[in-house]
Amino acid sequence: GAQNLDDMLAVSAQLDLMSPALRDVRSVHFCQTIKAFFKLTCSIANRFRSGHIARGKVPVFLARLTSTLKTLCASPCGFDGAENLRARLIDPKREYHRIFTFLHHEGVHPTNNHSEQSLRWLVIFRKLCFGTRTSAGSRSLSVLASLIVTGRRHGAHPLDITAALF
């Protein structure tokens, strides 16, 4: 779900940078409708989590969402990025069965936004310092990053977690 949404936003951004005369109208429409579709799936997930929709209704919603996705992805797109996303969304060997995992497993969020946000600081750090110079440095950074994120999730200061380990 989230990766697909990120990909769709990237494709939309690429289309927005193109001159209007070169933009594939079908690809623009596809990106807009897929974005609205993913917003709808997030809304449905929130309603399941809050108890506004009973878990017994999962098969009904799964059938409707699957049918809607197939309909949205029925026509090919003229822009390669949009077409690749469209093909990936309906390919049973790729994301297709994983898009609605949040319906099958209670507690699974429809996006991985929490994970993305917890790693954002590390991505910024890597861009600012141009990464590490050795594989040992990369390994050390990954271990330290894991400790910091784990500490934050448990409400502890990362230094307290590190001190407890040593």
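Anyway, here's the lowdown on the structure attached to this text. All values reported here derive from a predicted model rather than from experimental measurement.

In this section: empty space enclosed by the protein. Considering all chains together, one arrives at one cavity of 30 Å³ or more under this definition. Taken as a whole, the largest cavity spans an internal volume of roughly 50 Å³. Contributing to the lining of the largest cavity are Ala45, Phe48, Arg49, Arg55, Phe102, His105, Glu106, Gly107 and Val108. For the lining of the largest cavity, the leading source of residues is helix 2 (residues 25-50), giving three residues. Here the lining of the largest cavity is built from residues that sort into four nonpolar, two polar and three charged.

Before going further, it helps to examine the packing of aromatic side chains. The final tally for this structure, using the stated rule, is three aromatic pairs. With a centroid separation of 5.5 Å and an interplanar angle of 80°, the aromatic rings of Phe48 and Phe61 are classed as edge-to-face. Here Phe61 lies in helix 3 (residues 58-72) and Phe48 lies in helix 2, a separation of 13 residues in the sequence. The exposure classification of Phe48 matches that of Phe61, with both residues buried. Grouping aromatic residues by their ring pairs yields a cluster made of Phe37, Phe38 and Phe100.

We now examine helix 4 (residues 80-90). Within an α-helix, residues lying three or four positions from one another point in the same direction, as the helix has 3.6 residues per turn. What helix 4 keeps buried is the set Gly81, Ala82, Leu85, Arg86, Arg88 and Leu89. Considered in projection along helix 4, the buried side chains sweep an arc of 165° and stay on one side of the axis. Exposed residues on helix 4 whose side chains face more than 90 degrees from its buried face are Asp80 and Asn84.

Rules behind the numbers
Residues numbered from 1 in each chain as written. Predicted model: local features only at pLDDT ≥ 70, side-chain atom pairs only at ≥ 80, totals over all residues. Heavy atoms only, no water. 1 Å grid on protein atoms, 1.4 Å probe; cavity = no way out; pocket = protein on both sides within 12 Å on 5 of 7 lines; lining within 4 Å. Points joined across faces, edges and corners; volume = space filled by probe spheres on them. Helix = DSSP H or I, 4+ residues; strand = E, 2+ residues; numbered from the N terminus. Nonpolar A, V, L, I, M, F, W, Y, C, P; charged D, E, K, R; others polar. Phe/Tyr/Trp six-rings, centres within 6.5 Å; stacked < 30°, edge-to-face > 60°. Buried < 20%, exposed > 50% of the residue type's maximum accessible area, 1.4 Å probe, protein only. Arc of directions from axis to C-beta.

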